[in-house]
Amino acid sequence: MLFFVLLALLNGVLIGASRTINGQLSTRAGAFRASVWNHVVGLVFLSAVLLVLRTWPDVTDVPVAAYAGGVFGALFVAVNSYVFPRLGAMSASVLVISGQVLSAVLIDCVQQRTLPAPIRLAGVALVLLGLSLPRITARLRQKEIQKCPTEQK
Amino acid sequence: MTGRALDWLLAIAGGVLLTLMTLSNAVLARHTDALWASWAAHGLGAVVALVLVLTIARRKPAPGQNTGSGARTRTPLWYYLGGIPGALVVILSAVAVNSELALAGTIALMLTGQMVFGTAADHLGLLHIPRRRVTGTDLAVAGCVLAGSVLIVLGGA
């Protein structure tokens with residue numbers, strides 16, 4: 001069990017590393033070229049894995065819309081590579097994850113035509129609270145400064 | 001709108017793109033398997049990204065335009081290899097999802113790993129990124145977003 005926990009954590013680290021490296025490349029080559037390299041190198045790597053495993057599924061009855069993921073992926077890596085060096089790895093990760101989980105809740109709502117479970121709503125509230133924390137603390141600090149203007153330097 | 005606010009919105013929009021990507025890749029994986037779906041998505045993504053470069057980003061950015069940090073030196077080879085850890089995740093997460101962790105547990109731990117890595121990378125300047133001071137507010141933001149995300153993931157639909 002511990003092995004799988006560590007494996008899943010390592011996965012998160014690999015995602016972070018991948019996005020950070022692509023971000024670094026974008027500072028040299030631009031965000032869209034970083035997206036090309038990410039996909040070409042990933043494709044070569046996965047081709048090698050497929051050749052070793054020799055598992056080719058039957059791909060005859062796949063809806064064309066299912067391939068739209070490639071389009072979203074290309075755009076995602078470009079956008080992500082652009083913001084990563086600008087915001088820093090931590091802030092960029094936090095914001096991307098927020099957008100990811102909030103949109104997932106919204107899409108589930110629309111698809112299932114029901115409100116999210118209470119625990120999920122609590123999760124949404126926590127994410128939104130987290131995102132607004134910098135604003136809240138900045139405002140609090142401003143008030144403190146206003147209270148004692150003589151001490152302001 | 002300030003540049004900072006625009007960066008924020010872009011990052012959040014990136015997360016939305018990621019959800020849409022996951023959604024369509026899941027359909028593809030259901031009809032085939034996870035490995036092949038990822039392979040196809042990478043192939044198609046490469047084509048789409050190449051088209052984007054040729055249509056809207058023909059000119060390379062001026063060196064050091066984005067960060068200005070040592071951009072005159074040669075680009076290290078490993079800068080081009082970000083796709084490898086990304087592709088590796090596809091395989092390793094399939095292993096984790098099939099364990100007792102199941103999908104929700106795996107995603108929750110992957111989000112945690114991402115947050116920890118982001119914090120450590122900024123703090124230590126890992127992978128050549130500029131060091132940034134991680135403030136108490138930063139940690140509180142990450143903590144809230146992580147806790148909220150885990151609730152969403154474990155809370156079911």
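Calculation notes
Residues numbered from 1 in each chain as written. Chains lettered and ligands numbered in written order. Predicted model: local features only at pLDDT ≥ 70, side-chain atom pairs only at ≥ 80, totals over all residues. Heavy atoms only, no water. Domains from an automatic or database assignment. Contact = heavy atoms within 4.5 Å. Buried area = accessible area lost by both parts, 1.4 Å probe. Salt bridge = Lys/Arg side-chain N within 4 Å of Asp/Glu carboxyl O. Polar contact = N/O pair within 3.5 Å; in protein donor to acceptor, adjacent residues only side chain to side chain. Helix = DSSP H or I, 4+ residues; strand = E, 2+ residues; numbered from the N terminus. Nonpolar A, V, L, I, M, F, W, Y, C, P; charged D, E, K, R; others polar. Buried < 20%, exposed > 50% of the residue type's maximum accessible area, 1.4 Å probe, protein only.

### Quick word on the domain arrangement of chain B
The parts lose accessible area when they come together, and the size of an interface is often stated as this lost area. Taken domain by domain, chain B comprises domain 1 (1-59) and domain 2 (84-157). Each of domain 1 of chain B and domain 2 of chain B has a C-alpha centre, and the two are 19 Å apart.

### Considering the interface of chain B and chain A
Facing 107 residues of chain B, the contacting portion of chain A comprises 104 residues. Taken over both partners, the interface formed by chain B and chain A buries close to 9500 Å², and the fraction arising from carbon and sulfur atoms is 76%. The tally of links from chain B across to chain A stands at 1 salt bridge. There are 18 residue pairs in polar contact (both at pLDDT 80 or more) connecting chain B and chain A. Secondary structure elements with two or more residues in the side of chain B that touches chain A: helix H1 (3-31), helix H2 (34-56), helix H3 (83-97), helix H4 (102-124) and helix H5 (136-154) of chain B. Here the side of chain B that touches chain A gets 20 residues from one element, more than from any other, and that element is H1 of chain B. Residue classes in the side of chain B that touches chain A are distributed as 62 nonpolar, 34 polar and 11 charged.

### Thoughts on the environment of Leu106 of chain A
All names here are of chain A. Within the fold, Leu106 resides in helix H4 (residues 89-112). Using a relative accessible area of 57% as the deciding quantity, one classes Leu106 as exposed. Put simply, Leu106 and Lys147 are 41 residues apart on the chain and 42 Å apart in space, counted from C-alpha to C-alpha.

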